[in-house]
Amino acid sequence: MMQLRGKTVVVTGAASGIGAQTAEYLKACGATVVGVDRNPAPGVDRFIAVDLSDPVSINDAAKEIGAGIDALCNIAGLPPTRGANAVLRVNFLGLRALTEAMSGRFNDGASIVNLASLAGLGWPQAAPAIKALMALRDFDGLDDYCREHGVDDARSYFLSKETLVVWTMLNRWTWRDRGIRMNCVSPGPVSTPILDDFLKTLGARAEEDMKVMDRLGTPADVAPLVAFLCSPQSAWIRGSNIPCDGGMYAHVLTHTYGFE
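As a starting point, this report considers the structure included with it. What you are looking at is a predicted structure, and each value in this text was computed from that prediction instead of being measured.

Digging into the sheet that holds strand β4 (residues 69–74)
What the seven strands build is an open sheet, ordered β3-β2-β1-β4-β5-β6-β7; its pairing is parallel. Both outer strands of the open sheet, β3 (46–49) and β7 (241–244), are each paired with one neighbouring strand and no more. Pairs of neighbouring strands in the sheet enclose a mean axial angle of 20°, with direction left out of account. Note: strand β1 (residues 8–12) against strand β2 (residues 32–37), five bridges, orientation parallel. Bridge pairing in β2 links Val9 to Val33. Docked against the sheet, helix α3 (residues 84–102) engages β1, β4, β5 (106–115) and β6 (181–187), running at close to 175° with respect to β4. Its contacts with the sheet put helix α6 (residues 153–170) on β5, β6 and β7, and the angle it makes with β6 is roughly 150°.

Right, dumping it as structure tokens:
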């Protein structure tokens with residue numbers, strides 16, 4: 001177990017699923033955990049309510065969080081059943097806005113960990129849409145963006161995670177002079193309250209993918225990796241996207257490139 005005694009870690013999405021499990025694990029490692037969510041997050045040391053689809057709420061939350069932060073775990077996210085606009089607002093625009101609003105509140109040597117997804121592995125084929133989304137700063141411009149780039153509800157989730165992977169890589173050295181690093185973790189299918197939402201949207205495709213797995217992941221499979229990336233032991237890991245998926249990323253890559 002990582003030793004994080006004396007560290008203050010912010011966890012978004014701390015009310016349920018991977019966020020709740022990560023908050024619990026970090027506390028067991030000795031960290032002081034600030035839970036950030038729309039819903040109350042029991043068990044954290046401090047709770048701050050935020051609506052990650054609202055820039056005003058995001059800025060207010062960042063101010064309330066305050067300074068002296070050693071790690072930020074961006075885990076909150078919406079499934080594709082919530083609609084393209086909401087998914088892109090929360091999963092990328094809101095995540096980025098909170099991270100940027102907190103950038104001056106990090107201690108030197110801090111870590112930013114973004115929860116991406118196996119769904120983001122297709123980022124090399126989505127460059128134009130990713131670049132356009134990263135260039136978008138106006139939350140109210142999302143409807144026009146989705147029309148222009150043909151982004152429907154199902155596509156929005158994949159795009160949000162593809163963009164998050166690329167954004168993480170681009171920020172590999174953004175705060176290097178202060179020793180602040182950014183990485184992301186990409187889980188495969190995990191048994192959380194929103195798993196059924198994915199299955200409803202992705203249907204047969206998701207069911208087929210899950211057949212090759214020995215089991216679904218659990219939040220407890222992901223939390224220790226997030227905690228490691230928060231710890232000083234991961235200081236030289238920068239701009240990385242680390243799969244945590246029971247082998248699904250390796251399976252997809254080898255099949256895609258003809259290695260059977």
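Here's the deal with helix α1 (residues 17–28)
In this model, α1 (twelve residues) spans 17 Å end to end at C-alpha, consistent with the 16 Å of a helix rising 1.5 Å per residue. Buried within α1 we find Ile18, Gly19, Thr22, Ala23, Tyr25 and Leu26. The buried residues of α1 occupy an angular sector of 165° when projected down its axis, which confines them to one face. Positive backbone phi, at 100°, marks Gly30, one or two positions downstream of α1.

Remarks on the packing of aromatic side chains
Counted by the stated rule, this structure contains one aromatic pair. Ring plane angle 90° and centroid distance 5.9 Å describe the contact between Phe92 and Trp167, whose orientation is recorded as edge-to-face. Placement of Phe92 in helix α3 and of Trp167 in helix α6 is noted, with a sequence separation of 75 residues between them. According to the relative accessible area criterion, Trp167 is buried, its value standing at 7%. Positioned above the aromatic ring of Trp173 is the side chain of Arg172, whose terminal nitrogen or guanidinium carbon lies 5.0 Å from the ring centre. In this structure, Arg176 packs its charged tip against the face of Trp173, placed 4.3 Å from the ring centre.

Parameters and conventions
- Residues numbered from 1 in each chain as written.
- Predicted model: local features only at pLDDT ≥ 70, side-chain atom pairs only at ≥ 80, totals over all residues.
- Heavy atoms only, no water.
- Pairing = 2+ DSSP bridges.
- Helix = DSSP H or I, 4+ residues; strand = E, 2+ residues; numbered from the N terminus.
- Axes fitted to C-alpha atoms, helices over the stretch in contact; angles between N-to-C directions.
- Contact = heavy atoms within 4.5 Å.
- Expected span 1.5 Å × (residues − 1).
- Buried < 20%, exposed > 50% of the residue type's maximum accessible area, 1.4 Å probe, protein only.
- Arc of directions from axis to C-beta.
- Phe/Tyr/Trp six-rings, centres within 6.5 Å; stacked < 30°, edge-to-face > 60°.
- Lys NZ or Arg CZ within 6 Å of the ring centre and 35° of its normal.

Read these as geometric descriptors, not functional statements.
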